Amino acid sequence: MRDTTTYGTADARWALEARGLGKRYRRRWALKDCTFRVPAGRIAALVGPNGAGKSTLLNLATRLAEPSAGELRIFGAPADAPGTMGRWAYLGQDKPLFKRFTVEQTLRMGRELNPGWDQRAAERIVRSGQVPLDARVETLSGGQRTRLAFALAFGKRPELLLLDEPMADLDPVARDEIGSLLLSEAAEHGTTVLMSSHLLSEIEDMCDYLVVLAEGRVRMAGEADELVPMHTLVTGVTEEDALPAALNAHTVIEVRTSGRHFTALVRRQGPLQGPWQLTEPGMEEVLLAYLRSPGAPALLSPTAVPGHREESAA
């Protein structure tokens, strides 16, 4: 059956959808011509080097900035539409909390500011981390403050949770605890998560969807299980100090050489035939290759392309 969805019609299948999105600061484009979408219900990673545009994208989604070009939609509605703000929660690395408030007062603030507040869920999150309700925020450890910030975010009961590296300052044990909390809470309530992170191992463990930015543009987007297997690591010997001509039929993302030997991450366009060693890369290897090679051709899976024609139920 023909997909009758049109851009401009609310479509809650997509938690986040951008077309031609751009943000310009004077003469510099922080984001330019970004087109992608994130399906609802996914744990999506937002990946890129410093200055790639990750924070700018999150600022546009949270209306902390206005786009210079294009459009961004949240569950099918414009990001600046009335009522959209109630559907998302945002948590940044600085995790601003009132230091003189107690944990209980902080949760009371969340309850009074958010009509759909879930007090039971918020208290469960702080109690499971043994955070005293009568403790002042300024006395909490970094992990406890992050847990309290997540309690505020999930207590709002958002459909979309936007995270800008909120676990970057945590030690490995606290990061593991908060990561497990994030996954369990999101799974229980079907929350879509878009999480910016520099920790590629963390992304591989937690995320099933990828949005990769470099130099303000989308370099990769889509299902992790679909994108990663499209690549192969090819190891072999160069021919006259160049890659073998047989690899010209494929998309070479990155090449590293050592003497006459080369290792190339290749996006296959058919069978790979030659006197080479072929291995399957992990997500971290693929992401690193794209981050180190911003000029490589972009790759978007069908689910990440707005307007892609899909079959729908009759």
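Analysis parameters
Counting restarts for each chain: residues are numbered from 1 in the order of the written sequence. Owing to the predicted nature of the model, reporting of local features is limited to residues with pLDDT of at least 70; listing and counting of side-chain atom pairs is limited to 80 or more, with chain, interface and lining totals taken over all residues. Working from all heavy atoms in the structure, the side-chain values ignore hydrogens and water. Whether two aromatic rings pair depends on their centres lying within 6.5 Å, for rings of Phe, Tyr and Trp, where Trp uses its six-membered ring; planes under 30 degrees apart make the pair stacked, over 60 edge-to-face, and the rest tilted. Numbering of helices and strands runs from the N terminus, with a helix taken as a DSSP run of H or I at least four residues long and a strand as a DSSP run of E at least two residues long. Exposure classes here rest on a 1.4 Å probe applied to the protein chains alone. A residue is buried below 20% of its type maximum, exposed above 50%, and partly exposed in between. Whether a charge sits over a ring comes down to the Lys NZ or Arg CZ being within 6 Å of the ring centre and within 35 degrees of the ring normal. At least two bridges found by DSSP between two strands are what make those strands a pair. Helix axes use the C-alpha atoms of the stretch in contact, all axes being lines fitted to C-alpha atoms, and the angles between their N-to-C directions lie in the range 0 to 180 degrees. Any two residues whose heavy atoms approach within 4.5 Å at even a single point are treated as in contact. pLDDT is a per-residue confidence score from the predictor, ranging from 0 to 100. For this analysis, a nonpolar core means a set of buried residues of the types Ala, Val, Leu, Ile, Met, Phe, Trp, Tyr and Cys, connected via side-chain atoms within 4.5 Å. Residue ranges assigned to the domains are those given by an automatic or database domain assignment. Accessible surface is computed with a 1.4 Å probe, and the buried area is the amount of it that two parts give up when combined, taken over both parts together. Salt bridges are identified by distance alone: a Lys or Arg side-chain nitrogen within 4 Å of an Asp or Glu carboxyl oxygen. Pairing of N or O atoms within 3.5 Å defines a polar contact, subject to two protein rules: one partner must be a possible hydrogen donor and the other a possible acceptor, and residues neighboring in sequence count only if both atoms are side-chain atoms. Classes in brief: Ala, Val, Leu, Ile, Met, Phe, Trp, Tyr, Cys and Pro nonpolar; Asp, Glu, Lys and Arg charged; the others, Gly included, polar.

- By the naming in an unreviewed UniProt entry, the chain is ABC transporter ATP-binding protein YtrB, taken from Streptomyces lavendulae subsp. lavendulae.

1. Some remarks on the packing of aromatic side chains
- Scanning the entire structure with this criterion turns up 2 aromatic pairs.
- A centroid spacing of 6.4 Å and a plane angle of 25 degrees characterise the contact between F150 and F154, whose relative ring orientation is stacked. Of this pair, F150 and F154 both sit in helix α4 (residues 142-155), 4 residues apart, which is roughly one turn of that helix.
- Among the residues examined, F154 registers a relative accessible area of 0% and is labelled buried.
- Here R37 stacks its cationic end above the ring of W14, 3.6 Å away from the centre of that ring.

2. Regarding the sheet that holds strand β14 (residues 277-279)
- What the 4 strands build is an open sheet, ordered β12-β13-β11-β14; its pairing is antiparallel. Two strands close off the open sheet at either side, each with one partner strand: β12 (251-258) and β14. Averaged over neighbouring strand pairs, the angle between their axes works out to 20 degrees when direction is ignored.
- Summarising the sheet, strand β11 (residues 231-237) and strand β13 (residues 261-267) pair through 7 bridges and their orientation is antiparallel. Bridge pairing links H231 to R267 in β13.
- Running at roughly 90 degrees to β12, helix α8 (residues 283-292) makes contact with β11, β12 and β13 of the sheet.

3. Some thoughts on the confidence of the model for the chain
- Averaged over all residues, the pLDDT of the chain is 89; the fraction at 70 or higher stands at 94%.
- Under a pLDDT of 50 for its full length, residues 1-9 has, in the predicted model, 20 contacts with residues more than four places off or in other chains.

4. Section: the environment of A298
- Tracing the backbone through its elements, the reader meets A298 in the loop between α8 and β15 (299-300).
- Considered as a pair, A298 and M85 are 213 residues apart in the sequence and their alpha carbons are 31 Å apart.
- If we ignore the near neighbours within four places in the chain, the residues touching A298 are V218, R219 and R267.

5. Topic: the nonpolar core
- L107, F150, L161, L182, I203 and L210 are the most contacted members of the largest nonpolar core, which has 55 residues in total.
- Broken down by element, the residue count for this core peaks at 7 residues, all from α4.
- Here this core spans two domains, since at least three of its residues come from each of domain 1 (14-223) and domain 2 (226-297).
- Here F150 is in contact with L91, I125, L161, L163, P166, M167, I178, L181 and L182, once residues within four sequence places are set aside.
- Listed in part, the 30 residues of the second largest apolar core include L46, A52, L57 and A65.

6. Concerning the domain arrangement of the chain
- Annotation of the chain at the domain level lists domain 1 (14-223) and domain 2 (226-297).
- Spacing between the C-alpha centres of domain 1 and domain 2 amounts to 34 Å.
- Each partner contributes residues to the interface: domain 1 has 18 residues there, and domain 2 has 15 residues.
- Buried surface at the junction of domain 1 and domain 2, summed over both partners, amounts to about 1,400 Å²; 73% is from carbon and sulfur atoms.
- Contact with domain 2 buries area across many residues of domain 1, yet L200, R219 and M220 alone supply 42% of it, more than any other trio.
- At the boundary of domain 1 and domain 2, one finds 0 salt bridges.
- The tally of links from domain 1 across to domain 2 stands at 5 residue pairs in polar contact (both at pLDDT 80 or more).
- Elements supplying a minimum of two residues to the side of domain 1 that touches domain 2: α6 (200-206), β9 (209-214) and β10 (217-223).
- Of all the elements, β10 adds the most residues to the side of domain 1 that touches domain 2, at 5 residues.
- The residue makeup of the side of domain 1 that touches domain 2, split by class, is 11 nonpolar, 3 polar and 4 charged.

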